[in-house]
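# Understanding the architecture of this molecule
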Amino acid sequence: MSELEELTRVLPMVGAEPTILADKEIAHVVGHGHHILSRRSVPGLRLDLEETSDAIVGKMTIQAGVTIAQPIHLCFGLAYPTGSQRIHIDVFVEERATARVLSHCLFPVATAAQHRMQATINIGPGASLSYTEGHYHGPHGGMRVLPHASIRIGKGARYFSDFSLLSGSVGSLDIDYLVEIEEEGIAELTAKIFAHKTDRILLKEAVMLRGERSRGLIKTRVVLEDEARAEITGITEAHARGARGHVDCMEVVQGKAHASAIPIVKVFHPEAKVTHEAAIGSVDKKELETLMARGLTPEQAVELIVSGMLR
Amino acid sequence: MRTISTPVSAPLPQNATVPNQQTRITLPTSALSWGMYDAPSTQKAWYVVILPLLDIRNLTFVVGDQKILDRLDFTIQPGKIHALLGANGSGKTTLAYLLMGCEGYVPTSGTVLFNGADLLSLKMHERAKLGLTLAWQEPARFEGITIREYLTLGRSESHPEPMLVQVGLDPERYLNRRVDKALSGGERHRIELASVLSIKPMLAILDEPAAGIDMLSINHIINVIRTIKENGGAVLLITHQEEVAAIADSASQLCNGRIIFSGDPAHVIEHFRGRTCVRCDGEVCGYVRA
Ligand SMILES: Nc1ncnc2c1ncn2[C@@H]1O[C@H](COP(=O)(O)OP(=O)(O)O)[C@@H](O)[C@H]1O
Ligand SMILES: [Mg+2]
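Residues numbered from 1 in each chain as written. Chains lettered and ligands numbered in written order. Predicted model: local features only at pLDDT ≥ 70, side-chain atom pairs only at ≥ 80, totals over all residues. Heavy atoms only, no water.

When helices and strands are counted, chain B shows 9 helices and 14 strands. Split into buried and exposed, the 290 residues of chain B put 50% on the buried side. Long-range contacts, defined here as pairs at least 24 residues apart, represent 64% of the contacts in chain B between residues at least 6 apart. As presented, chain B carries roughly 13,800 Å² of accessible surface, and 50% of it is formed by carbon and sulfur atoms. (Helix = DSSP H or I, 4+ residues; strand = E, 2+ residues; numbered from the N terminus. Buried < 20%, exposed > 50% of the residue type's maximum accessible area, 1.4 Å probe, protein only. Contact = heavy atoms within 4.5 Å. Areas by Shrake-Rupley, 256 points an atom, 1.4 Å probe, with all protein chains shown as cover.)

All names here are of chain A. Inspection of the entire model under this criterion finds 23 salt bridges over all chains. Note that Glu184 is salt-bridged to Arg213, the shortest N-O span being 2.8 Å. Pair noted here: Glu184 is in the loop between strand 12 (171–181) and strand 13 (186–195) and Arg213 is in the loop between strand 14 (200–209) and strand 15 (215–224), with a separation of 29 residues, a long-range link. (Salt bridge = Lys/Arg side-chain N within 4 Å of Asp/Glu carboxyl O.)

Across the 9 residues that make up helix 1 (residues 92–100) of chain B, a large majority, 8, are buried. Positive phi appears at B:Gly101, one or two residues downstream of helix 1 of chain B, with a value of about 90°.

Let's shift gears to the sheet that holds strand 18 (residues 258–267) of chain A. All names here are of chain A. The 9 strands are arranged 3-4-6-8-10-12-14-16-18 in an open sheet whose pairing can be described as mixed. Because the sheet does not close on itself, it has two edges, and the strands there are strand 3 (45–51) and strand 18. Within the sheet, the average angular offset between the axes of one strand and its neighbour, ignoring direction, is 5°. Here strand 3 runs beside strand 4 (residues 56–62); their pairing, made up of 7 bridges, is antiparallel. Looking at the pairing, Leu49 lines up with Gly58 of strand 4. (Pairing = 2+ DSSP bridges. Axes fitted to C-alpha atoms, helices over the stretch in contact; angles between N-to-C directions.)

This part covers the interface of chain B and chain A. Each partner contributes to the interface: chain B provides 28 residues, whereas chain A provides 21 residues. Summed over both partners, the interface of chain B with chain A comes to about 2,100 Å²; 57% of that surface belongs to carbon and sulfur atoms. Taken as a group, B:His125, B:Glu143 and B:Leu153 account for 28% of the area that chain B buries against chain A, more than any other trio of residues on that side. Across the pair B:Glu149 and A:Arg311 runs a salt bridge, and its minimum N-O distance is 2.8 Å. At the boundary of chain B and chain A, one finds 11 residue pairs in polar contact (both at pLDDT 80 or more). For the side of chain B that touches chain A, the elements supplying multiple residues, two or more each, are helix 2 (124–129), strand 10 (132–135), helix 3 (147–152) and helix 6 (185–198) of chain B. In terms of residue class, the side of chain B that touches chain A is built from 15 nonpolar, 5 polar and 8 charged. (Buried area = accessible area lost by both parts, 1.4 Å probe. Polar contact = N/O pair within 3.5 Å; in protein donor to acceptor, adjacent residues only side chain to side chain. Nonpolar A, V, L, I, M, F, W, Y, C, P; charged D, E, K, R; others polar.)

Residues and elements named next belong to chain A. Orientation of helix 2 (residues 285–292) relative to helix 3 (residues 298–309), taken along the N-to-C sense of each, is 125°, at an axis distance of 9 Å. As far as their axial angle goes, helix 3 and helix 2 are oblique. Here helix 2 runs over helix 3; the crossing is right-handed. Along its contact with helix 2, which presents Glu287, Leu288, Leu291 and Met292, the element helix 3 presents Pro298, Ala301, Val302, Leu304 and Ile305. (Parallel < 35°, antiparallel > 145°, perpendicular 65-115°, else oblique. Left-handed = near helix turned anticlockwise from the far one by under 90°.)

Here we take up the coordination of the magnesium ion (ligand 2). Each donor-metal-donor angle in an ideal tetrahedron of four donors is 109.5 degrees, and each such angle in an ideal octahedron of six donors is either 90 or 180 degrees. Residues and elements named next belong to chain B. The protein atoms that coordinate the magnesium ion (ligand 2) are Thr93 (OG1) and Gln137 (OE1), at distances spanning 2.0 to 2.3 Å. Of the two residues, Thr93 sits in helix 1 while Gln137 sits in the loop between strand 10 and helix 3, which places them 44 residues apart along the sequence. When its relative accessible area of 31% is taken as the criterion, Gln137 is described as partly exposed. (Donors = N, O, S within 2.8 Å, 3.2 Å for Na, K, Ca; no water.)

Take the pairing of strand 6 (residues 66–76) of chain B next. Residue and element names in this part refer to chain B. As judged from the 7 bridges shared by strand 5 (residues 54–63) and strand 6, these two strands associate in the antiparallel manner. Residue Val62 lies in a different strand from strand 6, and its bridge partner there is Lys67. As consecutive antiparallel partners, strand 5 and strand 6 are separated by 2 residues, and within that stretch Gly64 has a phi angle of approximately 60°, a positive value.

Think of a pair of aromatic rings as described by two things: how far the centres are apart, and how the planes are tilted against each other in angle. In this structure the tally under the stated criterion is 4 aromatic pairs over all chains. Plain terms: the ring middles of B:Tyr97 and B:Tyr105 are 5.0 Å apart, the flat faces sit at 80° to each other, and that makes the pair edge-to-face. (Phe/Tyr/Trp six-rings, centres within 6.5 Å; stacked < 30°, edge-to-face > 60°.)

Considering soluble globular proteins, one finds that nonpolar side chains tend to be buried as a cluster. Judged by nonpolar contacts, the single largest core of 92 residues is most densely connected at B:Leu95, B:Leu206 and B:Leu236. Judged by nonpolar contacts, the second largest core, of 71 residues, contains A:Ala97, A:Cys105, A:Tyr131 and A:Ile232. (Core = buried A, V, L, I, M, F, W, Y, C linked by side-chain atoms within 4.5 Å.)

Residue and element names in this part refer to chain B. Residues in contact with ligand 1, as listed here, are Val63, Gln66, Ile68, Ala87, Asn88, Gly89, Ser90, Gly91, Lys92, Thr93, Thr94 and Tyr105. A distance of 3.0 Å separates an oxygen atom of ligand 1 from a polar backbone atom of Gly91. Thr93 is positioned such that a nitrogen or oxygen atom in its side chain is 2.8 Å from an oxygen atom of ligand 1. In isolation ligand 1 exposes 570 Å². Once the protein is present, 65% of that is buried. For the shell around ligand 1, the elements supplying multiple residues, two or more each, are strand 6 and helix 1. Element by element, the count of residues in the shell around ligand 1 is highest for helix 1, at 3 residues. Residue classes in the shell around ligand 1 are distributed as 4 nonpolar, 7 polar and 1 charged. (Near = heavy atom within 4 Å.)

Take a look at the structure:
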């Protein structure tokens with residue numbers, strides 16, 4: 001099976017249809033290791049990506065005022081047990097442009113491999129970007145995954161990101177996002193992670209509310225089982241009048257797993273406000289008992305509650 | 001139902017129904033005793049004993065030095081609604097938790113038979129599988145779980161729409177909503193009742209089912225409780241709302257962890273109204289706090 005076929009085959013594991021690659025209305029890039037296997041652009045989107053000896057490097061621009069109707073699919077991965085992938089991408093969503101990006105990271109057979117993503121995302125005034133990243137990892141847990149991004153959200157712009165790693169065992173995941181938001185900009189960062197075996201999860205998200213009436217939300221849902229460990233850091237700083245931030249972190253710990261959550265909230269303006277809630281522990285007792293009172297076994301009840309949380 | 005043809009002898013209990021002699025009889029599954037009765041006229045007669053669905057004896061729950069429930073005795077008959085009235089803190093919710101088997105609620109002493117089974121030896125989901133369920137006074141919220149899922153819970157054959165209609169919610173608007181914090185208290189209570197309806201319980205413990213429901217909607221709640229009964233289920237109806245308690249077949253009043261008065265609902269409501277146990281000094285119920 002070719003590398004392209006192998007990656008395409010596992011697309012449904014992250015909820016994407018393999019047929020998207022043949023669709024002329026849908027932009028895509030498929031990268032295997034440091035090779036671009038397939039790409040397609042659509043009007044209003046410029047893809048300037050190239051292969052170097054150890055990375056895929058380049059720019060993606062959504063041009064001013066353009067709304068890209070169909071989501072842009074980025075598929076990155078490795079079809080082999082070992083190897084490495086580095087992607088360095090600068091994304092520009094120009095003034096008043098709107099786009100959705102679906103990023104699929106596919107490592108079906110990895111046993112000792114690395115995936116490193118370094119991104120800068122610039123969202124111009126009044127523009128909007130929704131970025132959804134889904135990971136599929138096989139059962140071996142041999143990956144090091146390092147998605148790092150620096151995101152600037154312009155005046156009145158919006159950014160919604162949704163990271164999920166729900167199937168397979170990753171190995172080690174180290175997410176580091178820094179978001180700077182200008183006047184009346186909005187950022188919502190959601191991360192949902194289900195970690196198993198000896199997975200190690202480091203998740204650091206920082207939201208800097210720089211502009212007046214800027215708003216930021218960090219929402220994390222992490223479920224750990226076996227001997228998995230997670231350290232979640234959510235930082236929100238409010239620097240301007242009317243800035244509003246909220247951190248909502250929930251971690252469910254089962255088996256011998258360990259979790260820590262570090263919410264850091266700093267407010268530098270008297271008319272700004274940041275709130276946070278964090279809950280770490282086992283599944284909520286009342287939710288569990290409610291389902292058992294309807295006849296679900298404890299195991300079935302936990303499964304349903306956790307699946308709801310990670311949705 | 002089961003049919004018997006061989007007479008079994010047993011003493012005639014007080015509340016036995018005695019059908020015509022020589023008749024082949026069909027017993028409801030809740031009938032636990034039967035036999036031939038030697039009538040004084042030398043004629044023999046069948047009798048059937050319908051045992052209570054729930055039989056609570058001497059149930060006591062002590063936490064630290066506080067007696068939260070004190071030697072409770074009462075029964076609920078199959079397919080009947082029993083209202084339990086009592087002031088705040090009298091122990092109603094505690095009783096509900098003990099019966100359902102919630103974590104941390106193990107009686108200090110006493111026995112509970114449910115349809116003949118020793119309820120207290122069973123885990124919570126095993127009690128549920130026998131046909132017991134509980135609707136919490138403040139129902140839980142579930143992130144991400146839709147009302148449709150909540151009302152079917154893996155029973156793919158069940159259709160949640162009629163349950164929602166029963167509780168006065170439009171399925172179109174509600175089925176795909178989530179059972180989360182966005183629902184109002186009243187909506188959440190109705191969803192809870194729909195959920196109880198959907199599993200057709202033999203005994204539903206409803207803890208303040210009409211709390212937070214506006215006056216106009218209380219009739220929906222009352223209808224739902226009646227529907228549970230029409231489906232053959234019994235209800236332990238915990239409430240302090242008189243109009244709700246009035247639909248019961250029988251009632252008890254709980255005060256400081258003791259049942260101080262039982263009888264038909266009108267009498268118990270009357271008793272409850274006249275002597276609220278908020279001011280209970282032991283004069284009404286003869287109970288003195290330890
Ligand atoms: N697990 C417990 N530990 C200690 N006290 C309890 C516990 N459960 C209930 N109580 C106490 O028992 C009393 C009865 O409470 P509850 O059953 O909730 O009353 P009701 O539902 O009638 O308002 C209250 O004083 C309450 O504080
Ligand atoms: Mg109560």
